[in-house]
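# Observations on the model geometry
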Amino acid sequence: MPNTIYYLASCDTCRKIIKSLPKYNDLIFHDIKQNPINVGELEALYEMSRSYEALFSKKAQLYKSMDLKNKSLTEADYKKYLLEHYTFLSRPVFVIDGKIYIGNSQKNIIDVMKVLL
């Protein structure tokens, strides 16, 4: 899998992180709203993370509006929701040199910066 960032162009946090990336990197920028993740891509991300739940954002507005927090979700449910709507992907997701970095925690972004420099 090529070095890629899965992000949402309308997400302020994603834009801020992208702006802070080193200028010369070989990342492919994949806007998940314009180009939703397909089954093959999601399964490749799963292979690296070993969990659909780890890729799933419980901060998504749809998560709250669909009252999913009060349901007992399985890995199959997480996969289904991730494929149904882009907003369920925890953003950004970086794939760099075969390693995955999920979400915008400070530690995660520092780790991404280290490997990109």
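Here, the structure is the one placed above.
Residues numbered from 1 in each chain as written. Predicted model: local features only at pLDDT ≥ 70, side-chain atom pairs only at ≥ 80, totals over all residues. Heavy atoms only, no water.

## So, the pattern of salt bridges
Put simply, the rule is: Salt bridges are identified by distance alone: a Lys or Arg side-chain nitrogen within 4 Å of an Asp or Glu carboxyl oxygen. Numbering of helices and strands runs from the N terminus, with a helix taken as a DSSP run of H or I at least four residues long and a strand as a DSSP run of E at least two residues long. Only protein chains enter the area calculation, which uses a 1.4 Å probe; residues under 20% of their type maximum are buried, those over 50% are exposed, and those in between are partly exposed.
Applying the stated rule across the entire model yields six salt bridges. For Glu 43, the salt bridge identified is with Lys 79, shortest N-O distance 2.9 Å. A residue pair is termed long-range when its members are at least 10 positions apart, and Glu 43 in helix α2 (residues 39-49) and Lys 79 in helix α5 (residues 75-84) qualify at 36 residues. Its relative accessible area of 34% is what places Glu 43 among the partly exposed residues. Of the residues examined, Lys 79 reaches a relative accessible area of 22% and is grouped as partly exposed.

## Quick look at the packing of aromatic side chains
Note the cut-off: Here the aromatic set is Phe, Tyr and Trp, taking the six-membered ring for Trp, and pairing holds for ring centres within 6.5 Å; pairs whose planes are under 30 degrees apart are stacked, those over 60 apart are edge-to-face, and all others are tilted.
Counted by the stated rule, this structure contains six aromatic pairs. Considering the side-chain rings of Tyr 7 and Phe 29, the 6.1 Å spacing of their centres and the 80° angle between planes classify their relative orientation as edge-to-face. One end of the pair, Tyr 7, is in strand β1 (residues 4-7); the other, Phe 29, is in strand β2 (residues 28-31), with 22 residues separating them in the sequence. Residue classification places Tyr 7 among the buried positions, given a relative accessible area of 15%. Given the relative accessible area of 38%, Phe 29 is considered partly exposed. Centroid distance Tyr 81 to Phe 88: 5.5 Å. Interplanar angle 55°. Geometry classified as tilted. Across the pair, Phe 88 and Tyr 81 agree in class, each one buried. Here the aromatic cluster, defined as three or more aromatic residues joined through ring pairs, consists of Phe 56, Tyr 63, Tyr 78, Tyr 81 and Phe 88.

## Thoughts on the sheet that holds strand β3 (residues 93-96)
Keep this limit in mind: When DSSP locates at least two bridges between a pair of strands, those strands are taken to pair. With axes taken as lines fitted to C-alpha atoms, and helix axes fitted only over the stretch in contact, angles between N-to-C directions fall between 0 and 180 degrees. Contact criterion: two residues are considered in contact whenever any of their non-hydrogen atoms come within 4.5 Å of each other.
Taken in spatial order, the four strands make up an open sheet running β2-β1-β3-β4, and their pairing is mixed. A strand with exactly one partner marks an edge of an open sheet, and here the two such strands are β2 and β4 (99-102). Sheet twist, expressed as the average angle between the axes of neighbouring strands with direction ignored, equals 15°. The strands touched by α2 within the sheet are β1, β2, β3 and β4, with β4 carrying the most contacts at an inclination of about 95°.

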